[in-house]
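# Structural characterization, general
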Amino acid sequence: MAKIYNGIPWFDQDGNTVNAHGACILKEKGRWYLFGEYKTDDENKYIGFSCYSTLDFTNWKFEGLALPPQKDDLLGPDRIGERVKVLKCPKTGKFVMLMHTDDLKYCDPCIGLAVGDSINGEFTFQGPLLYQGKPLKMWDIGTFVDDDGTAYLLTHEGNIYRLSKDYTQAVELIAENIAPGGESPACFKAKGKYFLLFSHKTSWERNDNYYFMADSLYGPWEYKGLFCPKGSLTYNSQCSFVFHYDGEKGRIPVYMGDRWSFPRQASAAALVLLPIEAGESGMEIPQYLEIWSPDTLNTIPAKPEKLLSFRSNVEGESCVIPFHGSRIALFGRTFQEGGYADIDIFNGEGKLVHKTAIDFYSLVPCEGLRYLSPMVPEGDYTLKVTVSGVGGVWYNKKGDRFGSKGCFVELTGWKADVNL
Ligand code: GAL
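Structure report, in brief. Just so we're clear, the structure is a prediction, and the values are computed from it rather than from any experiment. (Residues numbered from 1 in each chain as written. Predicted model: local features only at pLDDT ≥ 70, side-chain atom pairs only at ≥ 80, totals over all residues. Heavy atoms only, no water.)

## Description of the environment of T143
Examined against the element boundaries, T143 turns out to sit in strand β12 (residues 141-145). Through-space distance from the C-alpha of T143 to that of R162 is 9.9 Å; in sequence the pair is 19 residues apart. Those residues within four positions of T143 in sequence are excluded, and the remaining contacts are K85, L87, L98, Y152, L154 and F241. (Helix = DSSP H or I, 4+ residues; strand = E, 2+ residues; numbered from the N terminus. Contact = heavy atoms within 4.5 Å.)

## Points about the sheet that holds strand β18 (residues 210-214)
Strand order in the open sheet made by the four strands is β16-β17-β18-β19, with antiparallel pairing throughout. Each having just a single partner strand, β16 (183-190) and β19 (222-226) make up the two edges of the open sheet. Averaged over all pairs of adjacent strands, the angle between strand axes in this sheet comes to 25°, irrespective of strand direction. As defined by bridge partners, strand β17 (residues 193-199) adjoins β18 across five bridges and the pair is classed as antiparallel. Within β18, the position partnered with L196 by the bridge is F212. (Pairing = 2+ DSSP bridges. Axes fitted to C-alpha atoms, helices over the stretch in contact; angles between N-to-C directions.)

## Quick look at the pairing of strand β31 (residues 366-372)
With six of seven residues buried, β31 lies mostly within the body of the structure. Here strand β28 (residues 328-334) pairs with β31 via six bridges, running antiparallel. Its bridge partner lying in β31, F331 is registered against L369. (Buried < 20%, exposed > 50% of the residue type's maximum accessible area, 1.4 Å probe, protein only.)

## Quick word on the side chain of T54
For T54, the location among the structural elements is in strand β4 (residues 49-54). Take T54: its relative accessible area is 0%, and that puts it in the buried class. Polar side-chain contacts of T54 include one of 3.1 Å to the side chain of D56. Engagement of the side chain of T54 in a polar contact is seen with the backbone nitrogen of F57, the distance being 2.9 Å. Excluding residues within four positions of it along the chain, T54 makes contact with R31, W32, N59 and W60. (Polar contact = N/O pair within 3.5 Å; in protein donor to acceptor, adjacent residues only side chain to side chain.)

## Points about a negative patch on the surface
On the surface, E305, E378, D380 and D417 cluster together into a negatively charged patch. Turning to its location among the elements, D380 is positioned in strand β32 (residues 379-387). (Patch = residues over 30% accessible without salt bridge, like charges linked within 9 Å, V, L, I, M, F, W, Y side chains within 5 Å. Areas by Shrake-Rupley, 256 points an atom, 1.4 Å probe, with all protein chains shown as cover. Salt bridge = Lys/Arg side-chain N within 4 Å of Asp/Glu carboxyl O. Lys, Arg positive; Asp, Glu negative; His and termini not counted. Charge placed at Lys NZ, Arg CZ, Asp CG, Glu CD.)

Printed below as a string of structure tokens:
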């Protein structure tokens, strides 16, 4: 049974974090393939787009970098690569990758194109995506493939371009400026209606995302408001993609969003995947599910076994938890003054077996599961949670400061040998 663990880092077959953000997911020959931004923990430059695969959304295999940094050009040194989207073209059988490329100050946006022969092989960068013979100088993108195999590019502010039959050019601007001020577009179709999702522009900060609905991609598009409870900041995430999952209760659209964590995006940023309820009158994600199965739509309760009350902003102060088992879950609270905790797991001989960082910052407070370790051979271990003394802080283009006002770590409980 597939299980989705929301808002916490996932780990691959080697115990490394699943480092794929601004992502998309597609199914090929029975396996799910996740493509996303391969981030670092200190700076924002392009170091590649990653590809991971899974059968159950729990066990992830790192397939490699689908597109490593290029020697020069749009994805060369000191460039940005974001919001990678991969499509399989039914006409050519090739895999087509689109992305946002930019300079480090986000002042030279351009949509890029790469093509690959296999889903888990390396793609070849082709340069800019052209529309009427010119590069499309835009940034946040999304993609959508309609039932007839026609593919579309979605951009910030709500432009929709139809792509050529081989998906390698934009050939028609079919809708324009639907969502002024909108970023991170995502689109899906359900019950004969089209839904178009956007976030507001708050850099890595989350906001209340919203949507439009239409009978045709050409419009007219009707503004429908929020699809998550107001003030939840889209359950602390920013929309990036919607895919369909065939579960026991039929086909459901699944929302995919980013819980960013700048600057430690590689370790601490996480994905949020939630079932969408969509019908003729609109769409919503009525509640946040911490752990759930897309097969049954059941939620899996995540509760600590042992309660803790550790709260500190003193750099170097730590909470040590000896445990027996093969896995440990940590519970805690995120809030405006939260910062990063360094996580170390030592085995019985004192050898470090796992190391990562987790984030205790969120603009709207949230209590729950914060970390679920990778599986380790059953034994005696010690988990050490150390206050790093650092909180995530970033600035938008205008120089406005965003992020944490402190560096607190607040733990509320733990559970070992978890079968969550
Ligand atoms: C967001 C955008 C992200 C990234 C970020 C940088 O608004 O959706 O993809 O570009 O800004 O600050």
